[in-house]
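Each chain, written out:
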Amino acid sequence: MTLPNIDPSGLFGVAGKSAVIVGATGAFGKVACATLGRAGARLTIAAGSAGELNALKDELEAAGVKVAAIARRPNSETDCDTIVSIAVAAHGGVDILVVASGMNDVAPIVDMTPERFQKVMLANVEGAWLAARSVGRQMIAQGRGGKVVFTSSARGKLGHPAGYSAYCTSKSAVDGMTKALGCEWGKFGITVNALAPTVFRSPLTAWMFADDEKAKTVRAGVLARVPVGRLGEPEDLAGPLLFLCSRASDFHTGHILYADGGYTAG
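Bear in mind that the values here come from a model prediction, so they are computed numbers and not experimental data.

Basis of the calculations
Residues numbered from 1 in each chain as written. Predicted model: local features only at pLDDT ≥ 70, side-chain atom pairs only at ≥ 80, totals over all residues. Heavy atoms only, no water. Helix = DSSP H or I, 4+ residues; strand = E, 2+ residues; numbered from the N terminus. Rg over C-alpha atoms; globule rule 2.2 N^0.38 Å. Buried < 20%, exposed > 50% of the residue type's maximum accessible area, 1.4 Å probe, protein only. Areas by Shrake-Rupley, 256 points an atom, 1.4 Å probe, with all protein chains shown as cover. Lys, Arg positive; Asp, Glu negative; His and termini not counted. Charge placed at Lys NZ, Arg CZ, Asp CG, Glu CD. Contact = heavy atoms within 4.5 Å. Axes fitted to C-alpha atoms, helices over the stretch in contact; angles between N-to-C directions. Parallel < 35°, antiparallel > 145°, perpendicular 65-115°, else oblique. Left-handed = near helix turned anticlockwise from the far one by under 90°. Nonpolar A, V, L, I, M, F, W, Y, C, P; charged D, E, K, R; others polar. Phe/Tyr/Trp six-rings, centres within 6.5 Å; stacked < 30°, edge-to-face > 60°. Lys NZ or Arg CZ within 6 Å of the ring centre and 35° of its normal. Pairing = 2+ DSSP bridges. Salt bridge = Lys/Arg side-chain N within 4 Å of Asp/Glu carboxyl O. Right-handed = clockwise from strand over helix to strand, strands pointing away. Core = buried A, V, L, I, M, F, W, Y, C linked by side-chain atoms within 4.5 Å.

(A) Just the overall build of the protein, in detail. Per the secondary structure count, the protein includes seven helices and seven strands. Each helix (α) and strand (β) of the protein, taken in turn from the N terminus, gives the series β-α-β-α-β-α-β-α-β-α-β-α-α-β. Over its C-alpha atoms the protein spans a radius of gyration of 18 Å, differing by no more than 12% from the 18 Å that the globule rule assigns to 266 residues. If you line up the protein on its principal axes, its C-alpha atoms span 55 × 50 × 40 Å. Counting all 266 residues of the protein, 47% fall into the buried class. Summing over all exposed atoms, the protein offers an accessible surface of approximately 12800 Å²; the carbon and sulfur share of this is 57%. Taken together, the 26 basic and 23 acidic charged side chains of the protein have centroids lying 3 Å from each other.

As structure tokens, then:
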């Protein structure tokens, strides 16, 4: 029997690739920056806060990462085209897009205004669509394929009783966009997938990891649904992200990858 001609050593390599990370200063954005940057990718990082963005840029550069930064959110066609132009000028093109931007707004639907609902949809759906549109045009013109990774959530698949009508709807829409673009861009060698975590440690969820009674009660409720028996850590997202951004995932597109300890399996 002849073994397949497979060299695993280079499957997960992203060294020298140009990666755009939108929403870079958020919890998942920082995971993406650390993972791809330390793996040798050249980064273009974008976020709304110039102060936080520059601090992140300094930290990455101190670690030896090549970084361009622009204080823009994916709020408009112009914003996204500008982010892409910065990446092209700094790194010669775009090979990877990670959309890590987004927001949540929790309220019972009867108390939520249409304006609040629309704000979540703009941040989580339209911003991702605009970013993908601008980067996709660049990738198609380059003719060398590419990788697009959206941020979804277990809440794109599962509902939640605590006022998540806007968030769940937005993440379900991201899942649909992932599948649609996976079909649309396959012929260009561009894969489109989404990484969908459940609760993982971040500044927003730090209270759930504490030892007070409220945290213990909420944590116990979540853990009852997590087969691996713990909440997520940032490094739990690093491996799946590297897979989706490297040639290891060349035959995977239109998929939602749940980084959730089995939460959505039961």
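(B) Here's a closer look at the environment of I190. Relative to the helices and strands, I190 resides in strand β6 (residues 190–197). Ignoring any residue separated from it by four or fewer positions in sequence, one finds I190 in contact with G136, M139, I140, G145, G146, V148, W185 and T253.

(C) Region of the structure containing the packing of helix α3 (residues 77–91) against helix α4 (residues 114–142). α4 packs onto α3 with a crossing angle of 40° between their chain directions and a minimal axis gap of 9 Å. Here α3 lies oblique to α4, going by the angle between them. Our pair here, α3 against α4, has a crossing hand that is right-handed. Where α3 approaches α4, its residues E77, C80, D81, V84 and V88 are matched on the opposing element by L130, A131, R133, S134, V135, R137 and Q138. Residues of the contact of α3 with α4, tallied by class, amount to six nonpolar, two polar and four charged.

(D) Region of the structure containing the packing of aromatic side chains. One pass over the full model with this rule turns up one aromatic pair. Centre to centre, the rings of Y164 and Y167 are 5.9 Å apart; their planes meet at 90°, and the pair counts as edge-to-face. Between K157 and the ring centre of Y258, over which it is positioned, the NZ or CZ distance is 5.4 Å. Directly above the ring of W207 sits K214, whose terminal nitrogen or CZ lies 5.0 Å from the centroid.

(E) Layout of the sheet that holds strand β2 (residues 42–46). What the seven strands build is an open sheet, ordered β3-β2-β1-β4-β5-β6-β7; its pairing is parallel. Of all the strands in the sheet, just β3 (67–70) and β7 (256–259) have a single pairing partner and so form its edges. Geometrically, the sheet is characterised by an average inter-axis angle of 15° between neighbouring strands, direction not taken into account. Sheet analysis places β6 next to β7, joined by four bridges and oriented parallel. In the strand pairing of β7, L195 is matched with L257.

(F) Quick look at the pattern of salt bridges. Applying the stated rule across the entire model yields nine salt bridges. Between K147 and D250 there is a salt bridge, and its shortest N-O distance comes to 2.7 Å. Pair noted here: K147 is in strand β5 (residues 146–151) and D250 is in the loop between α7 (235–245) and β7, with a separation of 103 residues, a long-range link. Between R230 and D236 there is a salt bridge, with its nearest N and O atoms 2.8 Å apart. By sharing partners, the salt bridges in this structure join E77, R133 and R137 into a single network.

(G) Up close: the pairing of strand β1 (residues 18–22). Most of β1 sits inside the fold, with five of its five residues counted as buried. Residues S18, V20 and V22 line one face of β1 and the alternating positions A19 and I21 line the opposite face, and both faces are buried. Pairing of β1 with β2, which is carried by five bridges, proceeds in the parallel orientation. In the sheet register, I21 faces β2, and the bridge partner there is I45. Assessed by its sense of winding, the connection that carries the chain from β1 through helix α1 (residues 27–38) to β2 is right-handed.

(H) Up close: the nonpolar core. By size, the foremost hydrophobic cluster in this structure holds 30 residues, and its most contacted members are F28, L36, L43, I45, V98 and L241. Of all the elements in the fold, those that place two or more residues in this core are β1, α1, β2, α2 (50–62), β4 (96–99) and α7. Leave out the neighbours within four places in its chain, and L36 touches V14, A19, I21, A41, L43, I96, V98, L241, L242 and C245. Core analysis: the next-biggest nonpolar cluster, separate from the first, contains 28 residues, I83, A87, A128 and F150 among them.

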